[in-house]
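So the chains spell out like this:
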Amino acid sequence: MRERSYLVAAAVLLGGGAHAARAQSAPLVFVSNELSKNVTVIDSRTNRVVATIPVGGRARGIQVGRDPSRVYVAVSGETPHIGVNTAMKTTSSIDAVVAIDVASRKIVRRYRVGSDPEQFGITPDGTRIYASNEDGGTATAVDVRTGRQIGTFVVGIEPEGVAVSPDRRWVYVTSETSNSVSVIDEHTDKVVDNLLVDLRPRVAAFSPDSKRAFITAEVGGSLTVVDTKTRQIIKTIPIERGEGKPVGVVVSPDGTRVYVANGHTNNVSVFDARSYKLLATIPVGKRPWGIAITPDGRYVYTANGLSNDISAIDTATGRVIATIKGGQRPWGVAIAR
Amino acid sequence: MTFVLTRREFVRRLSLVTAVAPLVRHRMRAPVVVRIGVVPGDNRNAAPTHARQQGVAMGVDEAKRAASLFGGTIETIVTTAADAPSHRLSALLGGNDAASCSALANAAAAAGILYVNTACTSDALRGAECNRSAYHVIPSDAMLRDALALARASEHGTAGGSLVAVAWDPSLVRFGADTLNARFRSRFGTGMSPDAWGAWFAVKILWESALRARSGSAAAIAEFLARDTTQFDGYKGRPLSFRAWNHQLRQPLYIMTRAANGALTYAAEQPVAHSGEESSRALLDQLGTAAADSPCHFAK
């Protein structure tokens, strides 16, 4: 505990300068591109691409740390091709979560987080990365400062989505084959529960107060709401009559809205975060997976994998205000706080 | 005499209760026990029998892994149609041709357990000879024919060359198929054939049904399979479910082109969705025998 407090203090000291310098500018939007193996950087004020950063491998999960000068991207070695033969999957020396320095646009650190990293979460204090290892059936925790692996957690089969609760109490890891969500207690570093959810759970997101978790099920075509205290499923909401193939999910910073990216129906479902009622359905580009919201809650961005672009939604009007050309097969989105 | 609990002690006890709560919750449920009888084929059918053994082995390992999360046990027993009633089974797997599949379906019905057909495409098994105890995860001949017809129609009458429809292929990559295929290949050193996929999927649906029904009894699994909301993830992108009228699994099929040397290359998936509006069930029901045309009338 003492060590953690120290690390938080250090992170604040180190990150403080960069944070102050960036306070005047609009947040930057970072989009990982799976096939073109790079990250597209968009200025959210102009909705123009301001940089493209190569990462040297298949880029999927993407997160901004507590220190907004660092963007983390899960990079792996093999590239899939739709509809053609592929060689066997093998663990590659490229497999890592890489840290990009936003100012210099260079990779400044590589974190070994086990094989084939796809998604990961960062603790709110920025000290730990939790990553899922698809073929190992595990999640790996890494110390951001030292780069050391702190722990390996046995989760379900084909783990995918990772989310850390804002109160830093829980880490949820979704597993696609076992239709499960493993609950890691961040205080004790143990898996304390496994929840059986709908088919092929992909992504989890917490409400800002950490009381609710929202989990998308791609094949089940639904959004599951979990009470994080009792770990009971409150509701499972069909999306687009069960045909939406929802993947990305994000909760607005004020905790009132849940936005879900539907990969099959090419739209975003907007739910009331408390009544779970559908408020709007917003058409976006083709196969939206990644989704993120600006810190002020005004704009939502989706990464559209089959139209190779990014949709920017004005949350006040529920309309797409810009469609920005991305790299090849955009996968995830992260926005600096 | 009063018993005073200090605040610290109260908090300590509370945290103990919280810590064991999930364990208690799992233990309160009756344990799920799934027992699957596997009937080996004869020597004439060595290849599909071998593929089935591999698919079952992988399915059972995954179910055991899930059982370590949720409790329960799963086991397989090598048996024969005649011995099936003596093993208190949930279901039988086996059969490589219409005659053996039909015999096992009847044996399962007599024993009051389920039969999951992983290899026989015969329309009669789902038609005139259908059996309420039998569930068909492998597509019927009618489904394979319909998928080919749709593929040829979409080529606007041009000669399609040598096309073949399959339930699964080791080269599939979409919807997580690359992961499943890689998992199979890394374990067995060979590609996942349709027979292997069927066997793996049979174990998966039996285990998942038992887990969600909280019982591995044949009756509980059958009741779960009959629910309108029941569906499964077969790594085919769409939710898969059984048709109530003949217990055939709805599923997309894959059109492959066959080279002169017999090698298959992926060409297309059928049926093709023309909009995001179609329901998966309606779309997949374009393949095979519709309810209105089905000669299957399950014996009461």
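This text goes with the structure placed above it.
Residues numbered from 1 in each chain as written. Chains lettered and ligands numbered in written order. Predicted model: local features only at pLDDT ≥ 70, side-chain atom pairs only at ≥ 80, totals over all residues. Heavy atoms only, no water.

A. The overall build of chain A, seen in detail. Within chain A, the secondary structure is distributed over one helix and 28 strands. Counting contacts in chain A only where the partners sit at least 6 residues apart, residues at least 24 apart contribute 43% of the total. Total accessible area on chain A is roughly 12,800 Å²; 51% of this is exposed by carbon and sulfur atoms. (Helix = DSSP H or I, 4+ residues; strand = E, 2+ residues; numbered from the N terminus. Contact = heavy atoms within 4.5 Å. Areas by Shrake-Rupley, 256 points an atom, 1.4 Å probe, with all protein chains shown as cover.)

B. The sheet that holds strand β18 (residues 222-227) of chain A, seen in detail. Residue and element names in this part refer to chain A. Spatially, β16-β17-β18-β19 is the arrangement adopted by the four strands of the open sheet, whose pairing is antiparallel. Each edge of the sheet is formed by a strand with only one pairing partner; in this case those strands are β16 (201-206) and β19 (232-238). Shown here is a sheet whose adjacent strand axes are inclined to one another by a mean of 20 degrees, direction ignored. Sheet analysis places β16 next to strand β17 (residues 212-217), joined by four bridges and oriented antiparallel. Residue P201 lies in a different strand from β17, and its bridge partner there is A217. (Pairing = 2+ DSSP bridges. Axes fitted to C-alpha atoms, helices over the stretch in contact; angles between N-to-C directions.)

C. Structural context of the packing of helix α2 (residues 46-70) of chain B against helix α6 (residues 177-188) of chain B. Residues and elements named next belong to chain B. The contact between α2 and α6 brings their axes to 11 Å, and the two run at 110 degrees. Classed by the angle they form, the pair α2 and α6 counts as roughly perpendicular. Residues Q54, G55, A57, M58, D61 and E62 of α2 form the contact with α6, whose own contacting residues are L180, R183, F184, R187 and F188. Considered class by class, the residues forming the contact of α2 with α6 number five nonpolar, two polar and four charged. (Parallel < 35°, antiparallel > 145°, perpendicular 65-115°, else oblique. Nonpolar A, V, L, I, M, F, W, Y, C, P; charged D, E, K, R; others polar.)

D. View of the nonpolar core. Residues and elements named next belong to chain B. Counting residues in hydrophobic clusters, the biggest one holds 66 residues, and the most contacted among them are L92, M192, W197, F201 and W207. Looking at this core, the element that brings in the most residues is helix α7 (residues 194-213), giving twelve residues. Leave out the neighbours within four places in its chain, and W207 touches V32, V34, A63, A66, A67, G71, G72, T73 and I74. (Core = buried A, V, L, I, M, F, W, Y, C linked by side-chain atoms within 4.5 Å. Buried < 20%, exposed > 50% of the residue type's maximum accessible area, 1.4 Å probe, protein only.)

E. Representation of the sheet that holds strand β2 (residues 38-43) of chain A. All names here are of chain A. Spatially, four strands are ordered β3-β2-β1-β28 in an open sheet, and the strand pairing comes out antiparallel. One side of each edge strand has no neighbouring strand; the edge strands of this open sheet are β3 (48-54) and β28 (330-335). Mean inter-strand twist for the sheet, computed between neighbouring axes without regard to direction, equals 25 degrees.

F. Fine view of the packing of aromatic side chains. Counted according to the given criterion, the structure contains 13 aromatic pairs over all chains. An angle of 70 degrees between the planes, with centres 4.8 Å apart, marks the rings of A:Y172 and A:F206 as edge-to-face. One end of the pair, A:Y172, is in strand β13 (residues 170-175); the other, A:F206, is in strand β16, and 34 residues separate them in sequence. On the accessibility criterion, A:Y172 (0% relative accessible area) is buried. By relative accessible area, A:F206 is classed as buried at 9%. Aromatic pair B:W197 and B:F201: ring centres 5.0 Å apart, planes at 10 degrees, arrangement stacked. One end of the pair, B:W197, and the other, B:F201, are both in helix α7, four residues apart, so they sit about a helical turn from each other. (Phe/Tyr/Trp six-rings, centres within 6.5 Å; stacked < 30°, edge-to-face > 60°.)

G. Structural context of the interface of chain A and chain B. Every contact between the two is made by 41 residues of chain A and, on the other side, 36 residues of chain B. When chain A packs against chain B, close to 3,200 Å² is buried across both sides, 51% of that on carbon and sulfur atoms. For the pair chain A and chain B, the number of links is three salt bridges. Measuring nitrogen to oxygen at the nearest pair gives 2.9 Å for the salt bridge that ties A:E158 to B:R183. (Buried area = accessible area lost by both parts, 1.4 Å probe. Salt bridge = Lys/Arg side-chain N within 4 Å of Asp/Glu carboxyl O.)

H. Main features of the state of the cysteines. All names here are of chain B. Summed over the entire model, instances satisfying the criterion amount to two disulfides over all chains. Residue pairing for C101: its cysteine sulfur links by disulfide to C120, the two sulfurs lying 2.0 Å apart. Handedness of the C101-C120 disulfide follows from its S-S torsion of about 75 degrees: it is right-handed. Of this pair, C101 sits in helix α3 (residues 98-111) while C120 sits in the loop between β4 (114-117) and α4 (123-126), and the two are 19 residues apart along the sequence. Take C120: its relative accessible area is 3%, and that puts it in the buried class. Between C130 and C296 runs a disulfide, and the two sulfur atoms are separated by 2.1 Å. Measuring handedness by torsion sign, the sulfur bridge of C130 and C296 sits at about 85 degrees and is right-handed. Highlighted residues: C130 in the loop between α4 and β5 (134-136) and C296 in the segment after α9 (280-284), separated in sequence by 166 residues. (Disulfide = S-S within 2.5 Å.)

I. Summary view of the side chain of A:T174. Residue and element names in this part refer to chain A. With respect to the helices and strands, the residue T174 is situated in strand β13. At 3.2 Å, the side chain of T174 forms a polar contact with the backbone oxygen of P201. Side-chain polar atoms of T174 contact the backbone oxygen of R202, separated by 3.3 Å. Apart from residues no more than four positions distant in its own chain, T174 is found in contact with E158, P159, E160, G161, S180, V181, P201, R202, V203, A204 and I215. (Polar contact = N/O pair within 3.5 Å; in protein donor to acceptor, adjacent residues only side chain to side chain.)

J. Structural detail: α3(B). Residue and element names in this part refer to chain B. Between its terminal C-alpha atoms α3 stretches 20 Å, which fits the 20 Å expected from 14 residues at 1.5 Å a residue. Looking only at α3, the buried set comprises C101, S102, L104, A105, A107 and A108. On its buried side, α3 packs onto β1 (33-39), β3 (91-94), β4, α4 and β5. Positive backbone phi, approximately 75 degrees, marks G112, located one or two places after α3. (Expected span 1.5 Å × (residues − 1).)

K. Structural view of the pattern of salt bridges. What the rule picks out here adds up to 28 salt bridges over all chains. Linking A:R200 and B:D233 is a salt bridge whose minimum nitrogen-to-oxygen distance equals 2.7 Å. Of the two residues, A:R200 is situated in the loop between β15 (190-196) and β16 and B:D233 in strand β7 (residues 232-233); the pairing between them involves two chains. The partner of B:K204 in a salt bridge is B:E208, and the shortest N-O contact between them spans 2.9 Å. Of the two residues, B:K204 and B:E208 both sit in helix α7, four residues apart, roughly one turn of that helix. Judged on exposure class, the residue B:K204 and its partner B:E208 are both buried.

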